[in-house]
Every structure is written in C-alpha cells, then in structure tokens.
Amino acid sequence: METLMLPFSPRFIILTICAVVTALLLGIGIFDRKVLDLVLIPIVIFGGLTILGIRDLLQQNHAVLRNYPISAHIRFLLEEIRPEMRQYFFESEKDGMPFSRDARALVYQRAKMVLDKRPFGTQEDVYRDGYEWMHHSVAPKPNATEKFRVTIGGPDCTKPYSASVFNISAMSFGALSPNAVRALNAGAKKGGFAHDTGEGGVSPYHRENGGDLIWEIGSGYFGCRNRDGSFNPEEFARVASDDQIKMVELKVSQGAKPGHGGVLPAAKVSEEISRIRGVSMGEDCISPATHRAFSTPLEMMAFIGEMRRLSGGKPAGFKLCIGHPWEFLAICKAMLQTGIYPDFIVVDGNEGGTGAAPLEFMDHLGMPMREGVNFVHNALIGINARDRVRIGAAGKIATAFDMARAMAIGADWCNSARGFMFSLGCIQSLSCHTDRCPTGVTTQDPSRARALVVPHKIERVYNYHRATLHALAELIAAAGLDHPQQIRSIHFSQRTSTTEVQSFARLYPSLRPGELIDGTSDPRFREAWAMARAETFAAAG
C-alpha cells in the first residue's frame, strides 16, 4: 500500500501531476480534434517535464534527482544563481569576498569619474579588532601636484626606470581577453604607468598601443624558450631589447598558488597562443612548479644578473610570495656572496587571486602580503641592501588607503590586478576560470570579448589610476607629508582589542641596518637566518 502511494508523496507529486495533466490533455485532444491546436503547446510542456522526470528516476549520477524528479532541478537552478542573488540582494556594503561591494563600487565610480563620496559617516565598526587607520596632522600640507613616481634601478642598472607608484599587476594574455589587454595597455600609456605582462609572453595586444611594459617570465619561459622548454638567452635578449619593455621580472611564485605549476591543455593551445608563447600546437603548454634555469640561490642571482645583461641594462628583479623564511634569507645570503643584487622585488600575498587555484592553495598556502612585504623590507635592511633594491607590493590593493598602508610597512610602489579588472567592468562573477566571463575581461570567446569596448575602457583604466593617485595625494597631504615615500609605520595604528591600540611601528618592528650580518637576536629572523644557505634552498640542519 505504501508503495502504491509513493506517486502522491511530496517527493514525486510534481512528476505525477505532469504525467496526469499530459494524459488528460492528450485525451481531450484525441476526443475533440477542434481543441487540439489549443492544447498542443501545454501537451509539449507537460509531456517534456514528464519525460524529464522519468529520466531523473532512471539516471544514477544524482541521488537527489532520483528522489525528487523534476523538482530537484529547481534546487540546481537556485544553486546556480545563488552568488548573484547574494551579491545583488543580500550583501551589505561591507560584505562580499574577495572584494566588498563598497570597494567595487569605489573603483567603478572612479573609473567613470562620477561622485565617489559617501554620506552619513563610516559603516566600519571602528571598535572591532583589526580596525586600522592612518594618522592625520594638525598641520596638513597642500595636495601634491606631481605624479608620484619611484626610480627603479640599482648601481648595476644602466637604464633605470621611473615608475608610477601604482601599476597594473601581472595578468597574462590568455587569462585576459585581447580587448582587455588592449584597454589596459592603452590606459597605461595615457596615464604614464606600467603594465605587467604576466608570464604568458608579450602579445601583439600588449604592443599595439605602446604602453610601458614589465615583461614577466615564469618557469615556462614563454616567449624566450627552446623547443624543450628551457630558457633561450638569445630570444630573451631579442624581445627584451624592445624599448617598450622597461623592466624584466622573474616570476618565482605567485600569491594565488605558490609552489603550483599549471597546464594549458593542448586543445586550448591556439595558433595565436602557440606563436606568442613559443610552444607547439597539439601539445600541453606546461608551466612547471620549479625553474630549470637555476636550482640554488647562487644560481638564481646569477640568472637575474644575466637577465639584466641580456636586456641591455634594464632593471631586473623577481616576484614571489614568501614561503619558508629561510629560503628568502638564503637568497639574501646569495646576494652578499655574489655581489649580484636585483633591482626590485615584487612581493605577492596569498590574498592575490586572478589565477584560478586549488582551494587549499588559495586559502591556506603562502604568506599574506603585508607580512611578506615587511619581512622582505627588513631582510634587505638587515643585509644593508634596502637602499639599492626597490619593493613592489601586490595583493588585494584597490584603494589609496591600501597603497598607503603597504608603503608604511615597506613597499615603494603597489601593483593591482583586480582593481584594474574592476575598472574594465569586471563584476566579480567568479567565473574567470570558466571562459564564460560575462563582461569580456577573462575570456577567449570572441562573442563574449566583444562586450568589452576598448575605447571606452581605455578611459576608465586611465581615470581609475588618476583618481586613485589623487586620493593618495589627499591622504598624504592630510598626514602632513609631501610624497608617499615619506610614509612610515608610525603613521598607522591598528586596534588589537576593544580597549587596546598599537602603532604599526610596534606591530611591524624594524631591524637595524646590517643587523642580520652582525648577528640578530630578533626571533622573527634569528633561527631562519641560521638555517639559510646561499648554496641551497634547503634548510641547514
């Protein structure tokens, strides 16, 4: 009896109704041919739902469909649109990850040059743990009118580069659409700031508008590789000699997935990508987890020195997310031993994220940007190299406050990837890895990429950069300073409990010049320095 009643249970009632309605409509249509035309469409609809329900009952992949034929599809539909529903209807201004609605709105407003002010006071809880603020001065300065820039290039660099303090972070063609690359580079050209190519090579879309480029090469050596995937110095020298390329950058790791390689399947290696990256069609395009051109800190410094020589004396440096502290300190020891120093180091944080990554890597691997920047800053102070090596910060930077905070703990300039993606129209749909980007930013589908109209987006990239630097100038002036390079850790504070506040100077204490060489007692560095060896990345002992 219980089995006979199953079709009328809540689980199966929708299928039962669809089947009964289909049978009734068929009967009416057969009995009275005059009304057949009227019931034909309902017959198709309810008949189709009945067939779908029977298929749900018989399929073996989804248990919920076997138990709830037809109705379970509503669950899948709601699950599919859940991110959009949450983003548009339920998030507060400060909610939303990775970037809050308020932060996204600020970028959109500045990119469009519309009112970016907020009414009625802050929505931040200024008494929560972790709340941070910048100190203002009772004697503020007039807003600086100069474009904030920093000169990158140490004593061994013959072609130093005057860079904006705010630049486009590394994003490859292939990850970005051709139109996105065009708009970013043309915006950089108009605004006088730099555009990092990412490790995917220098594409025609990077060259089309002549904006300053930072050429990043990763473990795949795309654009400067031999057929077996090894580094090709002659090809590197040929490409790096282009006047549009202002700096060359070795990618050691990235924040989204440090220590993780990547594979572009052979099916996705188009003729265009094959030509740009220097890989063969019909073969997987592999970015190994490790470099083949070097395997020790000493070899790494020699390779950076060779990059500088081959590029004709342009600034050469590297990008990494800090992992084992002793490994970076081993690189520092290699600098001391070889006398070869990078001109710059870009510190990526594990909060970086334009590249798709396994959840465990994205959430729990690598040092966050702030700790990483401060660690590198202090390590260079500790070996008396801070004055010759510039530090760039990358990792969830979108506003002038983000920039000022990074500079307070050691950065000389900042890079932003997702901030500039927002300026292109990115809506944080979190579909970057699916090739179904709704705004044409992160897709290789021409029908989707056409949504990004390059001339319009050039202006928005330019406006976002200009408005963010204007906001930075206002912050700097309010603090009584003339230039971002004057920002120090004493200019910021953080609430560490409801009743306690600490200065960044206390939260991020600084080493003395040469302290690592002389022997430090600082627990952040003492053991790691002892474990570091210039001959190997492995820890001593």
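Our structure's up above, just so we're on the same page.
Residues numbered from 1 in each chain as written. Predicted model: local features only at pLDDT ≥ 70, side-chain atom pairs only at ≥ 80, totals over all residues. Heavy atoms only, no water.

Take the packing of aromatic side chains next. Applying the stated criterion across every chain, the model contains 19 aromatic pairs. Pairing Phe231 with Phe303 gives two aromatic rings, centres 4.9 Å apart and planes at 75 degrees, and the pair type is edge-to-face. Of the two residues, Phe231 is situated in the loop between strand E6 (213–217) and helix H8 (233–240) and Phe303 in helix H10 (residues 297–310); the sequence distance between them amounts to 72 residues. Judged by relative accessible area, which is 14%, Phe231 ranks as buried. Over the aromatic face of Phe99 sits the side chain of Lys396, whose NZ or CZ is 5.8 Å from the ring centroid. (Phe/Tyr/Trp six-rings, centres within 6.5 Å; stacked < 30°, edge-to-face > 60°. Helix = DSSP H or I, 4+ residues; strand = E, 2+ residues; numbered from the N terminus. Buried < 20%, exposed > 50% of the residue type's maximum accessible area, 1.4 Å probe, protein only. Lys NZ or Arg CZ within 6 Å of the ring centre and 35° of its normal.)

A few words on H8. All buried positions along H8 are accounted for by Phe236, Val239 and Ala240. Relative to the axis of H8, the buried residues are bounded by an arc of 95 degrees and lie together on one face. In H8, the exposed positions angled more than 90 degrees off the buried face are occupied by Glu234 and Arg238. Turning to H8, the residues buried within the fold contact helix H7 (204–207), E6, strand E7 (245–251) and H10. At the N-terminal end of H8, a side-chain oxygen is found 3.1 Å from the backbone nitrogen of Glu234, two or three residues along, and the residue is Asn232. (Arc of directions from axis to C-beta. Contact = heavy atoms within 4.5 Å. Polar contact = N/O pair within 3.5 Å; in protein donor to acceptor, adjacent residues only side chain to side chain.)

Structurally, Asp412 is set in the loop between helix H14 (400–408) and strand E13 (413–416). Given a relative accessible area of 11%, Asp412 falls into the buried group. In this structure the side chain of Asp412 is engaged in a polar contact, spanning 2.9 Å, whose partner is the side chain of Arg386. If sequence neighbours within four positions are ignored, Asp412 has contacts with Val150, Val165, Arg386, Val389, Arg390, Ile391 and Met407.

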